[in-house]
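Chain and residue survey
This is what each chain is made of:
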Amino acid sequence: MQLAVNIAVLASVYALISCGYVLIYRTSRVLSLAHGELMMLGAYGLFVTASLFAGRPLVAIAVSAVLALAVGVLVYVLLMRRMAGEAVLAAVLTTIALGILLRGAMMFFWGAYEQHPIQALGLVNASVAIGDARISAVALTLVFATGAAYAGLWAFLRYSVWGLRMRAAGQNPLLAAQRGIGLHGIYALAWGLATLTAGIAGMLIACDSALSQTMVVIGLKAFPAALVGGLDSLAGALLGSLLVAAAEVLLIHYVDPLLSDVVPFVVLLAMLIVRPWGLLGSREELDRV
Amino acid sequence: MNAPRASGYFRTSYAQDLQVLETRTRKVSFVLFAVGLLALPFLFGAFALDLANQVLLAVIGAAALMLLTGYAGQISLGHAGLLAAGAFTTGILFKEFGAPFWITLPASALVGAALGLIFGLPSLRLRGLYLAVSTLALHFIVIHLGSEYETRRGFSTGVVIDAPRLFGWELADARAWYYVLLGAAAGTLLVSLNLLRTRTGRAWRAIHVRETVAGALGISVQGAKLSAFVVSSTLTAVAGSLFAYYRGFVSAEAFSLFLTIQYVAMVIIGGMGSLLGAVCGAVFVVLFPYAIESGIKAALPPALLPDSSVFFAANYAAFGLVMILFLVFEPMGLVGIWKRVQNWVLLWPFKQKPLGK
């Protein structure tokens, strides 16, 4: 039972992070490898707002979520917009460079120490019992947040006008532009939403354990989940996260705890050999890159 | 390399066509350059000599990555993994069997070649982004195997390696290392230069431009891809082995993803598709953090100097910023800037390059 709970929590962590990879890739065909750093930036955002709005945790969380959204839009407007139309490699390398820049800047401003934003918020991370298993309150929130994020994104892409435009831009940018859809606005929105979900994930992880440099590794490990499910499919990201998390938790439990950092990548490699476009991804993606 | 000269195409025999240094000016300047390089250790202090050695090590690795990414167009994010493979082969052979230099180095090269084949296999099915991702996954697996060895055998902080002995003469002095590494780097560059002029090198450039056309021209696309991976990783593993001996120490922490990014940055900052670019990029990326640090130290009064973690953070951020600036504003890298300056001087007072050149 505890194992199942652990798998569910880890899967929702990966799922919440990997929907950002999918959103950006599906809309603009760019793989953002700065996702882990953006996630950490969101957590630091909460850390700052928590001390600014001391005693009002909800305001702090709301403000830091808006900040994360704004950061994502800014990243597109200031940087990634210039990479439109460049080679795939150049865009990916730009996101890597952005990640390094962000990591350096965060170390510069906040130092490399562990921080605990939940203390600054004045909340307590209580433990909840489900059957004979235990789960922390924040982890439970994270599972629900992931569900809400996926339901929200699905409804947004399915029913709203902007979601329709986003799907159109992802399918065929040229035709979408011809129909009068402003591509830059759509791409900026995709970056904003991806950073928002990553930021929420970062905040919750930071509240559950601690805000430290290892968070970047979690961001990077979520990326195999997105690819296993298929880089252009949200449902795939959910499935992939579940698969990768299950493999990781079970192997750590039964084989060796040291495997934690390598399991997602082994799963990824196996997937790339058998079915490179992922479980639910569309096949022509491979020829487009 | 074999570009026709501005004055016209004056080659009259095959021997001339094969020459690396064509004119007397080039020969003289090359000899002067070589003499300068050979004299360097007698001019430098210990710190500068260590920097020069690091640059030479980086040149080998960067040239290997340039062959793969810059010429054959295969994206690899597993470079640090290959360096680690070379270093760990050397470390393990030394620690377990006490193997001497002349066994560990070829063994590292062999392991590198085998890994190159493994790293290259996904390239037969995948392209671009997906290939980069598969090499990234292999990087993590190689590093994991290395750290697994460390923990299993109880060398949790790393494997210590003694200085190598060549013909009964111990290679411990930084100056001696400089000459060995200079020879290795020069050898790597010469091999790469000549390889690029052969059928193999032309095949690599052909698959870079368009695989379908290359296949239609009778080039084995699979063969060319695999050979690019194998040659590149062999050279990289040799660089890793030399790195292990030079440091006298192998540890999985030294081969992080950041090292891969540094090598990719060397290729980007130097300039894609040019061996000169690999050299320039290696010099730039290795010296950059030291330049930043001494810049900060010179700008601030000693009382205000921050501690080392701030330097580390500033270096990190500045490195990311420089990489972004190059990617956005100068995708052709340092070599692109150099070519533009060259053209400006050659064409002055005109500004445009004549059409078709």
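On to the overall build of chain A, then. Of the regular secondary structure elements, chain A holds 13 helices and two strands. Against the 2.2 N^0.38 benchmark of 19 Å for 289 residues, chain A shows a C-alpha radius of gyration of 18 Å, consistent with a compact globule. Counting only C-alpha atoms, chain A reaches 55 × 45 × 35 Å along its principal axes. Across the 289 residues in chain A, those meeting the buried criterion constitute 53%. Sequence-distant contacts in chain A: of pairs separated by 6 or more residues, those separated by 24 or more amount to 75%.

A word on the environment of Val180(B). Mapped onto the fold, Val180(B) is located in helix 7 (residues 174-197). As for Val180(B) and Leu126(B), which are separated by 54 residues in sequence, their C-alpha atoms are 38 Å apart.

Glancing now at the environment of Leu23(A). Residue and element names in this part refer to chain A. As for its placement among the helices and strands, Leu23 is situated in helix 1 (residues 2-28). A sequence separation of 144 residues divides Leu23 from Arg167, and the C-alpha atoms of the two residues are 9.9 Å apart. Among residues more than four places away in sequence, those in contact with Leu23 are Ala190, Leu193 and Ala194.

What follows deals with the interface of chain A and chain B. Taken together, the 33 residues of chain A in the interface contact 35 residues of chain B. Of all the elements in the fold, those that place two or more residues in the side of chain A that touches chain B are helix 4 (88-110) and helix 12 (263-274) of chain A. Of the residues forming the side of chain A that touches chain B, the biggest block, 16 residues, is contributed by helix 4 of chain A.

Before going further, it helps to examine the packing of helix 4 (residues 79-97) of chain B against helix 6 (residues 128-153) of chain B. All names here are of chain B. Between helix 4 and helix 6, the shortest axis-to-axis distance is 8 Å and the interhelical angle comes to 25°. What the angle tells us is that helix 4 and helix 6 run roughly parallel. Judged by the sense of rotation from one axis to the other, the crossing of helix 4 with helix 6 is left-handed. For the pair helix 4 and helix 6, contact is made by Ala80, Gly81, Ala84, Ala85, Phe88 and Ile92 and by Leu138, His139, Val142, Ile143, Gly146 and Tyr149, respectively. For the contact of helix 4 with helix 6, the residue count by class is nine nonpolar, three polar and no charged.

Analysis parameters
- Residues numbered from 1 in each chain as written.
- Chains lettered and ligands numbered in written order.
- Predicted model: local features only at pLDDT ≥ 70, side-chain atom pairs only at ≥ 80, totals over all residues.
- Helix = DSSP H or I, 4+ residues; strand = E, 2+ residues; numbered from the N terminus.
- Rg over C-alpha atoms; globule rule 2.2 N^0.38 Å.
- Buried ≥ 20, exposed ≤ 12 C-beta atoms within 10 Å, placed from the backbone.
- Contact = placed C-beta atoms within 7 Å.
- Axes fitted to C-alpha atoms, helices over the stretch in contact; angles between N-to-C directions.
- Parallel < 35°, antiparallel > 145°, perpendicular 65-115°, else oblique.
- Left-handed = near helix turned anticlockwise from the far one by under 90°.
- Nonpolar A, V, L, I, M, F, W, Y, C, P; charged D, E, K, R; others polar.

Note that every value here comes from positions in space, so none of it alone points to a role or purpose.
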